[in-house]
Amino acid sequence: MQKIPATVITGFLGAGKTTLIRNLLQNAGGRRIALVINEFGDLGVDGDILKGCGVETCREEDVVELTNGCICCTVADDFIPTMEKLLERSDRLDHIVIETSGLALPQPLVAAFNWPEVKARVTVDGVVTVIDAAAVAAGRFADDEEKVRAAREADESLDHDNPLEELFEDQIRAADLLVLNKADLVDAQTLAGVRAKVEAEAGRRLAVVSSENGRLPADVLLGLGAGTEDLIAGRRSHHEIHHADGHEHDHDDFESFVVEGGECASVEALTEGLRTIVAAHDILRLKGFAAIRGKPMRLVVQAVGGRIETYFDRPFAPGETRGTRLVAIGLHDAMDRGEAAIREAVAALALPARAAAE
Ligand SMILES: Nc1nc2c(ncn2[C@@H]2O[C@H](COP(=O)(O)OP(=O)(O)OP(=O)(O)O)[C@@H](O)[C@H]2O)c(=O)[nH]1
């Protein structure tokens, strides 16, 4: 029996994984693709967006959402049973695509393909790591070396591990293909610099392509034939190197919560308000849905750092609450400190209830 190929799409929060998958589904050339989507945070935004993308070959039953924690930590409880269920109808599947959460370490997930139940039937076609070229160029994943040096001088015992930097490096190390996405936001020279940086980080030769909005032919993303489950032991993460004692990997460094508010006056008012909130509280990622007075459609809201995008995707369903629901993700300390203020500020963006009802 031929094994079903599975592609793991990974990359940091907001790098463009869902956008790339959406494009892939629209250009799948008739392939029947099942999607497994894992998100950090309790709001299934990516699944909701992909289910609503209107691609005929992507049926609702082919999209499985895993929102019960980060996929790399719930492999046994969630991922293996999900794969087994998908395989029950494998005769109708050409490919499986797995979108990890932006905070996942790909290594434990890929290693899970060596579990006998899965290994007999599926092979990892490749790990595709999506990189936000603009964020790399802006230094989001690198420490300010001057600051680190000063902090170390002040306290020699300081254990330097920037969680963003580590995750970024681990996701690159796991890759068979690197996608330098958001190429539209940087110039050619900057893109070349980003490429050199990630190639150096990978420490081995691997394919690198650039993209705008994840637009790449399906043949570039699928059919790598890497068999990554057999290679992953040689691509160890920082975590595996530092915690060989079996210490559980968790996501203590990051935190997420869902914030809610009422209808807003306009897209501009909402966007400006959110921009201020994101900056004031160092929110890394904010995404979800909102309602604008007088507009029957639901507004999708996507913030990656200070860059905010919105679009209306579908009418509110009868009985569906018209309001703002956003998942906010950031470093644990910043989010803990800011939670009450963030909730209050998002709630304050809404029109007074009476005006909203008018
Ligand atoms: N300018 C620009 N924006 C992009 C590009 N790719 C994605 N985006 C935007 O970046 C934001 C995040 O994109 P997503 O595809 O949701 O990113 P993600 O990696 O799935 O995010 P998480 O699942 O939250 O980790 C959205 O507003 C996208 O429209 C690109 O190539 N250029």
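My aim in this report is to walk through the structure given alongside it, one point at a time. Quantities reported herein were computed from a predicted structural model and do not represent experimental measurements. (Residues numbered from 1 in each chain as written. Predicted model: local features only at pLDDT ≥ 70, side-chain atom pairs only at ≥ 80, totals over all residues. Heavy atoms only, no water.)

Here's the deal with the overall build of the protein
Then, in step 1: Within the protein one finds 14 helices and 12 strands.
Then, in step 2: A burial count over the protein gives 52% of its 358 residues as buried.
Then, in step 3: Across the protein, every contact between residues at least 6 apart in sequence was considered, and the portion connecting residues at least 24 apart equals 80%.
Then, in step 4: Carbon and sulfur atoms make up 48% of the accessible area of the protein, which totals about 16400 Å². (Helix = DSSP H or I, 4+ residues; strand = E, 2+ residues; numbered from the N terminus. Buried < 20%, exposed > 50% of the residue type's maximum accessible area, 1.4 Å probe, protein only. Contact = heavy atoms within 4.5 Å. Areas by Shrake-Rupley, 256 points an atom, 1.4 Å probe, with all protein chains shown as cover.)

Considerations on the pattern of salt bridges
Then, in step 1: If you walk through the whole model with that rule in mind, you get 12 salt bridges.
Then, in step 2: Residues R195 and E199 are paired through a salt bridge, measuring 3.3 Å at the closest nitrogen-oxygen approach. Of the two residues, R195 and E199 are both situated in helix α9 (residues 188–202); the distance of 4 residues between them amounts to about one turn of the helix.
Then, in step 3: For R195, a relative accessible area of 35% gives the class partly exposed. (Salt bridge = Lys/Arg side-chain N within 4 Å of Asp/Glu carboxyl O.)

Looking at the sheet that holds strand β9 (residues 285–290)
Then, in step 1: Taken in spatial order, the 5 strands make up an open sheet running β8-β12-β9-β10-β11, and their pairing is antiparallel. Two strands close off the open sheet at either side, each with one partner strand: β8 (254–261) and β11 (307–315). Adjacent strand axes in the sheet meet at a mean angle of 15 degrees, parallel and antiparallel pairs treated alike.
Then, in step 2: Here helix α13 (residues 332–348) sits on the sheet in contact with β8 and β12 (324–331), set at roughly 5 degrees to β8. (Pairing = 2+ DSSP bridges. Axes fitted to C-alpha atoms, helices over the stretch in contact; angles between N-to-C directions.)

Things to note about the nonpolar core
Then, in step 1: Grouped together as the largest cluster of nonpolar side chains are 35 residues, with contacts concentrated most on F12, L103, I131, L178 and F254.
Then, in step 2: Taken domain by domain, this core gets at least three of its residues from each of domain 1 (4–242) and domain 2 (254–357). (Core = buried A, V, L, I, M, F, W, Y, C linked by side-chain atoms within 4.5 Å. Domains from an automatic or database assignment.)

Description of helix α3 (residues 75–88)
One turn of an α-helix holds 3.6 residues; hence residues three or four places apart share an orientation.
Then, in step 1: Compared with an ideal rise of 1.5 Å per residue, which puts 14 residues at 20 Å, α3 spans 18 Å between its outermost C-alpha atoms and is within 8% of the ideal.
Then, in step 2: Three or more residues of α3 are buried, namely V75, D78, F79, I80, T82, M83, L86 and L87. (Expected span 1.5 Å × (residues − 1).)

Comments concerning α9
Then, in step 1: Here α9 spans 21 Å end to end across 15 residues, near enough to the 21 Å set by a 1.5 Å rise per residue.
Then, in step 2: If you check which residues of α9 are buried, you get L191, V194, V198 and A202. End-on view of α9: buried residues confined to an arc of 75 degrees, all on one side of the axis. Along α9, the residues that are exposed and aim more than 90 degrees away from the buried face are Q189 and A200.
Then, in step 3: Residue G203 follows α9 closely and has a positive phi angle near 70 degrees. (Arc of directions from axis to C-beta.)

Some details on the pairing of strand β5 (residues 122–132)
Then, in step 1: Counting buried residues in β5 gives 10 out of 11 residues, a clear majority hidden from the surface.
Then, in step 2: In this structure, β5 lies alongside strand β6 (residues 177–181), joined through 5 bridges in parallel fashion. The residue bridging D132 from the neighbouring strand is N181, located in β6.

With respect to the site of the ligand
Then, in step 1: Lining the immediate environment of the ligand, one finds 22 residues, of which T18, T19, N213, K287 and E309 sit closest.
Then, in step 2: At a separation of 2.5 Å, an oxygen atom of the ligand approaches a polar side-chain atom of T19.
Then, in step 3: Within the contact set of the ligand, a nitrogen atom lies 2.8 Å away from a side-chain nitrogen or oxygen of D184.
Then, in step 4: For the ligand, the accessible surface in isolation is 660 Å², of which the surrounding protein chains cover 93%. (Near = heavy atom within 4 Å. Polar contact = N/O pair within 3.5 Å; in protein donor to acceptor, adjacent residues only side chain to side chain.)

As for the sheet that holds strand β2 (residues 33–38)
Then, in step 1: The 7 strands lie next to each other as β3-β2-β4-β1-β5-β6-β7, forming an open sheet whose pairing is parallel. Each edge of the open sheet carries a strand with a single partner, namely β3 (63–66) and β7 (207–210). Strand-to-strand, the axes of this sheet are offset by a mean angle of 20 degrees, without reference to chain direction.
Then, in step 2: Its contacts with the sheet place α3 against β1 (4–10), β2, β3, β4 (95–99) and β5, and it is angled at close to 170 degrees to β3.

Considerations on a negative patch on the surface
Then, in step 1: A cluster of acidic side chains, namely D252, D253, D333 and D336, defines a negative patch on the protein surface.
Then, in step 2: Along the chain, the position of D336 falls in helix α13.
Then, in step 3: For D336, a relative accessible area of 45% puts it in the partly exposed group. (Patch = residues over 30% accessible without salt bridge, like charges linked within 9 Å, V, L, I, M, F, W, Y side chains within 5 Å. Lys, Arg positive; Asp, Glu negative; His and termini not counted. Charge placed at Lys NZ, Arg CZ, Asp CG, Glu CD.)

A few points about the side chain of H281
Then, in step 1: One can find H281 in helix α12 (residues 267–281).
Then, in step 2: Residue class for H281 comes out buried when judged on its relative accessible area of 18%.
Then, in step 3: Leave out the neighbours within four places in its chain, and H281 touches A334, G338, A341 and I342.

What to know about the environment of H332
Then, in step 1: Note that H332 resides in helix α13.
Then, in step 2: With relative accessibility at 25%, the residue H332 sits in the partly exposed group.
Then, in step 3: Not counting residues up to four positions away in its chain, the partners in contact with H332 are D252, D253, F254 and E255.

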